[in-house]
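Chain by chain, the residues run as shown.
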Amino acid sequence: MSSSRIGLGLDLDLGTGTGTGTGTGTGTGQRIVAVKPITVPVPGRSVDLQVKVTAPLSGRNLPVIVFSHGNAWSLDGYEPLVDRWAAAGFIVVQPTHLDSRRNGIGWDDPRFATIWRVRIADLHAVIDGLGDILVQAGGLETRVDRERIAVVGHSWGAQTAGAILGARVLDADGVPGEDFSHPAVSAGALIAATGTGDTLTPFAAEHLPFMRPDYSTMTTPALVVAGGRDRSQLSTRGPEWFTDAYLLSPSPKSLLAIAEGEHTLGGLAGEAVAETTDEDPARVALVADAVSAYLHDALKIDDAAWTALSDTAATGDGTWSIVGK
């Protein structure tokens with residue numbers, strides 16, 4: 001997550017239909033469909049919770065990714081990721097959180113202080129209401145595998161998803177807060193996830209006091225994705241801040257480190273968006289395909305793509321690497 005309101009060269013064939021020869025688009029010939037907006041009932045929420053559902057046109061027993069966007073974004077962002085995941089066989093559900101630009105809730109709005117909790121509640125509402133959401137998305141409820149649900153997030157969305165995986169938030173005295181994990185979630189991926197809160201800048205400490213994650217309780221299997229050039233204005237540490245979710249959480253975890261990646265890792269939120277400082281469609285394709293390959297493995301669907309990707313990393317030139325524990 002960045003204080004600038006951020007939602008923030010590899011073409012791979014990973015063996016699951018997620019590979020590409022171009023680094024753009026969905027990466028396959030698989031046709032996908034998106035339905036939006038779908039309203040999810042949430043009593044007491046100041047703005048209706050709306051979601052977008054993207055899915056392959058064919059296939060059954062489809063696993064689910066619930067995706068949490070970065071600060072200020074919405075269900076209309078992150079198509080370079082979402083489209084590839086749908087083409088790889090996932091149903092992807094994207095909520096619009098309260099901090100979306102379209103809601104006009106800035107740093108100084110009194111509601112901002114509790115948005116981090118509303119974000120987590122949004123993901124719970126989506127997971128708990130998944131059946132009705134998929135009915136409204138054109139009968140997808142008959143094609144879903146409800147036993148295979150993952151959460152993924154980018155930037156602030158990664159901290160939100162991390163809470164669903166078991167991470168907690170430390171208070172000012174270092175005491176862990178509530179357990180927000182969801183029993184239906186079997187795996188996840190955290191992209192550019194917030195590090196620990198002991199090195200927050202004065203701005204972050206004032207406006208984002210919830211940015212104190214405790215990863216010691218994040219037991220759910222997860223892939224952490226970090227960029228080697230991701231220097232946050234919210235922490236006095238360097239890019240290693242974004243590896244805390246891997247280093248400080250219990251196994252099983254994996255880390256995809258991309259040496260030249262900055263906070264949007266090539267433009268995850270969309271092509272040529274303002275926040276992208278390292279535009280590289282092939283880098284985005286790598287992130288998207290690595291997440292889908294990891295989740296196919298972690299959800300016990302097929303381990304071939306993740307094994308192939310790990311083997312490629314082991315013999316590569318160091319521009320990206322994968323480690324696990």
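Summary of the structure given here. If you're wondering where the values come from, they're calculated on a predicted model, not measured in any experiment.

## Section: the overall build of the protein
Broken down by element type, the protein carries 8 helices and 11 strands. For 325 residues, the compact-globule formula gives about 20 Å, and the C-alpha radius of gyration of the protein, at 18 Å, lands near that figure. Referenced to the eigenvectors of the C-alpha coordinate spread, the extents of the protein come out at roughly 50 × 45 × 35 Å. Expressed as a percentage of its 325 residues, the buried residues of the protein come to 58%.

## Notes on the pairing of strand E7 (residues 185-191)
Counting buried positions along E7 gives 6 out of 7 residues, so the element sits mostly inside the fold. Where strand E5 (residues 144-154) and E7 come together, 6 bridges link them in parallel fashion. What sits directly across from valine 151, in E7, is glycine 188.

## Considerations on the side chain of serine 249
Within the secondary structure, serine 249 sits in the loop between helix H6 (244-247) and strand E10 (253-258). Overall, serine 249 belongs to the buried group, its relative accessible area being 5%. One polar contact links the side chain of serine 249 to the main-chain carbonyl oxygen of alanine 245, over a distance of 2.6 Å. Within polar-contact distance, the side chain of serine 249 engages the backbone oxygen of tyrosine 246 at 3.4 Å. The residues touching serine 249, leaving out its near neighbours within four places in the chain, are Tyr215, Met218, Asp244 and Lys325.

## Observations concerning the nonpolar core
Grouped together as the largest cluster of nonpolar side chains are 59 residues, with contacts concentrated most on Val53, Val64, Ile91, Val93, Val151, Leu190 and Leu208. Top element by residues in this core is helix H2 (residues 115-128). It accounts for 7 residues. Each residue touching valine 93, except ones within four places of it in the same chain, is listed here: Val51, Lys52, Val53, Val64, Ile65, Val66, Phe67, Val126 and Leu130. Ranked by size, the runner-up nonpolar core spans 39 residues in total, among them Leu81, Val82, Ala187 and Val273.

## Here we look at the packing of aromatic side chains
Per the counting criterion, the structure on display carries 11 aromatic pairs. The interplanar angle of 85° and the centroid separation of 6.2 Å between the aromatic rings of tryptophan 116 and phenylalanine 180 together place this pair among those described as edge-to-face. Of this pair, tryptophan 116 sits in helix H2 while phenylalanine 180 is found in the loop between strand E6 (168-169) and E7, placing the two residues 64 residues apart along the sequence. Each member of the pair, tryptophan 116 together with phenylalanine 180, is buried. Taken together, the ring pairs in this structure connect Trp107, Phe112, Trp116, Trp156, Phe180, Phe203 and Phe210 into an aromatic cluster. The ring of tryptophan 156 has arginine 119 lying over it, and the distance from NZ or CZ to the ring centre is 4.4 Å. The ring of tyrosine 246 carries the charged tip of lysine 325 above its face, separated from the ring centre by 4.9 Å.

## Some words on the environment of isoleucine 127
Summarising the element assignment, isoleucine 127 is placed in helix H2. As for isoleucine 127 and alanine 269, which are separated by 142 residues in sequence, their C-alpha atoms are 23 Å apart. Discounting residues that sit within four places of it in the chain, isoleucine 127 has contacts with Val66, Arg146, Val151, Ile164, His182, Ala184 and Val185.

## What to know about the sheet that holds strand E1 (residues 32-40)
Strand pairs in the sheet, formed through backbone hydrogen bonds, run parallel or antiparallel to each other. Ordered in space as E1-E2-E4-E3-E5-E7-E9-E10-E11, the 9 strands form an open sheet in which the pairing is mixed. Only two strands of the sheet have a single partner each, and these edge strands are E1 and strand E11 (320-324). The sheet shows a mean angle of 20° between the axes of neighbouring strands, taken without regard to direction. Across 5 bridges, E10 lies against E11 in antiparallel orientation. Bridge pairing in E11 places isoleucine 258 opposite tryptophan 320. Packing against the sheet, helix H4 (residues 156-164) makes contact with strand E3 (62-68), E5 and E7, and its axis sits at approximately 140° to E5.

## What to know about the pairing of strand E2 (residues 49-56)
By the criterion of burial, E2 is predominantly enclosed, with 7 of the 8 residues buried. Note that E1 and E2 share 7 bridges and pair antiparallel. In the strand pairing of E2, threonine 39 is matched with glutamine 50. Alignment of E2 against strand E4 (residues 91-95), held across 4 bridges, turns out to be antiparallel. What sits directly across from lysine 52, in E4, is glutamine 94.

The rules behind these values
- Each chain has its residues counted from 1, following the order in which its sequence is written.
- Residues qualify for local features only when their pLDDT is at least 70, as the model is predicted, and side-chain atom pairs are given and counted only at 80 or more; totals for whole chains, interfaces and linings, by contrast, use all residues.
- The side-chain values count all of the structure's non-hydrogen atoms but skip hydrogen atoms and water molecules.
- Put simply, DSSP marks the helices as runs of H or I at least four residues long and the strands as runs of E at least two long, and each gets a number from the N terminus on.
- In this setup the radius of gyration rests on C-alpha atoms only. A globule is expected at 2.2 Å times the number of residues raised to 0.38.
- Throughout, exposure labels follow a simple rule: accessible area from a 1.4 Å probe, protein chains only, divided by the maximum for the residue type, with under 20% read as buried, over 50% as exposed, and the rest as partly exposed.
- The pairing criterion is simple: DSSP has to find at least two bridges between the two strands.
- Under this definition, polar contacts are N or O atom pairs within 3.5 Å; protein pairs additionally need one hydrogen-donor-capable and one acceptor-capable atom, and for neighbouring residues in sequence, both atoms have to be side-chain atoms.
- Between two residues, a contact is recorded if the distance between any of their heavy atoms is within 4.5 Å.
- Working definition of a nonpolar core: buried Ala, Val, Leu, Ile, Met, Phe, Trp, Tyr and Cys residues. They are joined through side-chain atoms within 4.5 Å.
- Only the six-membered ring of Trp is used, alongside the rings of Phe and Tyr, when aromatic pairs are assigned; centres must lie within 6.5 Å, and planes under 30 degrees apart are stacked while those over 60 apart are edge-to-face, with the rest tilted.
- Here, a charge over a ring is recorded when the distance from Lys NZ or Arg CZ to the ring centre is within 6 Å and its angle to the ring normal is within 35 degrees.
- A fitted line through C-alpha atoms serves as each axis, taken over the contacting stretch for helices, and the angle formed by two N-to-C directions is quoted from 0 to 180°.

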